[in-house]
Amino acid sequence: MNARTTRKRIAAAVVGVLTVAALGFSAAPASAKMSDGYVRGYDEFSGDWSDEGTLGMHIASNGNSNAVCLWQKILWAEGAEESNGSAFDQSDIDGHFGDNTRHATEDLSERWFGWLDKRVDVQGDLFNRADNQLERTSGSDDRGRTLTLRYDGSAHNTTMTRNTEGQYEFYDGNGVKRAAGYNYNSCD
């Protein structure tokens, strides 16, 4: 084998590796629930949030939504720290994944995992960890039944429901029930 053939084979291998890597990094996190537009769960509620879609500042379709409002409700319940050093509060729940939400998400990531996720996106690790704070208060986790849950945060508790279609609903800062949808924002 001559040097030219060796270089061609190495170049082909590098292109192959780069192609596989690009495909792996360009794909959005898989989530059947996200594809139907709602934070959703079925049957046993434990693990409902383990496969949710990614929320973040740089995710145009999910950076402004009721799913972000649900995440902000979690930040409030956990007493996560805003960029100005104060606790994330009810008035910050607006469905926009902006600087305060980014900072509070970083704070919570560091608190829960001991590391700072500079991607500042809410992904499986964070949603999955938040899922551990859910407790059933009433109802049934059978399909087609309503389940009422309490999120036990380190600063506050909040009530939410999983409706008969499996969609998570929460109460905004004004006491209005909102569905945690990825494709719209009614919290603003």
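Structural data are supplied above this passage.
A quick note: this is a predicted structure, and the numbers were derived from the prediction, not measured.

Visitor: Now, about the overall build of the protein chain: what can you tell me, with residues and values included?
Guide: Along its length, the protein chain carries 5 helices and 7 strands. Split into buried and exposed, the 188 residues of the protein chain put 43% on the buried side. For the protein chain, contacts bridging at least 24 residues in sequence account for 54% of all contacts bridging at least 6. In the form shown here, the protein chain has an accessible surface area of approximately 9,400 Å², with 50% of it arising from carbon and sulfur atoms.

Visitor: Account for the state of the cysteines, naming residues and giving values.
Guide: Inspection of every chain in the model, using the stated rule, returns 1 disulfide. The residue that forms a disulfide with C69 is C187, at a sulfur-sulfur distance of 2.1 Å. One end of the pair, C69, is in helix 3 (residues 66–78); the other, C187, is in the segment after strand 7 (177–179), and 118 residues separate them in sequence. Residue classification places C187 among the buried positions, given a relative accessible area of 11%.

Visitor: A description of the nonpolar core should follow, citing residues and the corresponding values.
Guide: Across soluble globular proteins, you tend to see nonpolar side chains buried next to one another. Formed by 33 residues in total, the largest nonpolar core has its most connected members in W49, W71, Y151, M160 and Y168. Those elements that place two or more of their residues in this core are helix 3, helix 4 (99–113), helix 5 (124–131), strand 4 (147–152) and strand 6 (168–171). Residue contributions to this core peak at 9 residues, all from helix 3.

Visitor: With reference to specific residues and values, describe the sheet that holds strand 5 (residues 157–162).
Guide: The 5 strands are arranged 3-4-5-6-7 in an open sheet whose pairing can be described as antiparallel. The open sheet has two edge strands, strand 3 (134–139) and strand 7, and neither has a second partner. The sheet shows a mean angle of 30° between the axes of neighbouring strands, taken without regard to direction. With 3 bridges connecting them, strand 5 and strand 6 associate as antiparallel partners. When the bridges of strand 6 are listed, M160 appears paired with F170.

Visitor: So what about the pattern of salt bridges? Which residues, and what values?
Guide: Evaluated as defined, the whole model comprises 10 salt bridges. The residue D48 makes a salt bridge to R162 at a minimum N-O spacing of 2.7 Å. One end of the pair, D48, is in the loop between helix 2 (32–35) and strand 1 (55–56); the other, R162, is in strand 5, with 114 residues separating them in the sequence. Looking at D48, the relative accessible area reads 3%, which means it is buried. A relative accessible area of 2% means that R162 is categorised as buried. The salt bridge involving E135 is made with R150; its shortest N-O contact spans 3.0 Å. Taken together, the residues span a long stretch of sequence, with E135 in strand 3 and R150 in strand 4 at a distance of 15 residues. Among the residues examined, R150 registers a relative accessible area of 28% and is labelled partly exposed.

Visitor: Break down the side chain of R162 for me, with residues and values.
Guide: Separated by 3.3 Å, the side chain of R162 and the backbone oxygen of D141 make a polar contact. With residues near it in sequence (within four places) discarded, R162 still touches G41, Y42, D43, E44, F45, D48, D141, R145, T146, L147, Q167 and Y168.

Visitor: Which residues make up the packing of aromatic side chains, and what values do they have?
Guide: Two measures describe an aromatic ring pair: the distance that separates the ring centres and the angle between the ring planes. Within the structure shown, the criterion is met by 5 aromatic pairs. Judged by centre distance (5.9 Å) and plane angle (70°), the ring pair of W49 and F127 falls under edge-to-face. Placement of the pair is W49 in the loop between helix 2 and strand 1 and F127 in helix 5, with a sequence separation of 78 residues. Per residue, the accessibility class of W49 equals that of F127, and both read buried. When the centroid spacing of 5.4 Å and the interplanar angle of 65° are considered together, the rings of W49 and Y168 count as edge-to-face. You can see W49 sitting in the loop between helix 2 and strand 1 and its partner Y168 sitting in strand 6, a full 119 residues away along the chain. With respect to class, W49 is no different from Y168; both count as buried. Cation over ring: K73 sits above W76, and NZ or CZ is 4.9 Å from the ring centre.

Reading the values: the criteria
- Residues numbered from 1 in each chain as written.
- Predicted model: local features only at pLDDT ≥ 70, side-chain atom pairs only at ≥ 80, totals over all residues.
- Heavy atoms only, no water.
- Helix = DSSP H or I, 4+ residues; strand = E, 2+ residues; numbered from the N terminus.
- Buried < 20%, exposed > 50% of the residue type's maximum accessible area, 1.4 Å probe, protein only.
- Contact = heavy atoms within 4.5 Å.
- Areas by Shrake-Rupley, 256 points an atom, 1.4 Å probe, with all protein chains shown as cover.
- Disulfide = S-S within 2.5 Å.
- Core = buried A, V, L, I, M, F, W, Y, C linked by side-chain atoms within 4.5 Å.
- Pairing = 2+ DSSP bridges.
- Axes fitted to C-alpha atoms, helices over the stretch in contact; angles between N-to-C directions.
- Salt bridge = Lys/Arg side-chain N within 4 Å of Asp/Glu carboxyl O.
- Polar contact = N/O pair within 3.5 Å; in protein donor to acceptor, adjacent residues only side chain to side chain.
- Phe/Tyr/Trp six-rings, centres within 6.5 Å; stacked < 30°, edge-to-face > 60°.
- Lys NZ or Arg CZ within 6 Å of the ring centre and 35° of its normal.

No statement about biological role is implied by the geometric values presented.
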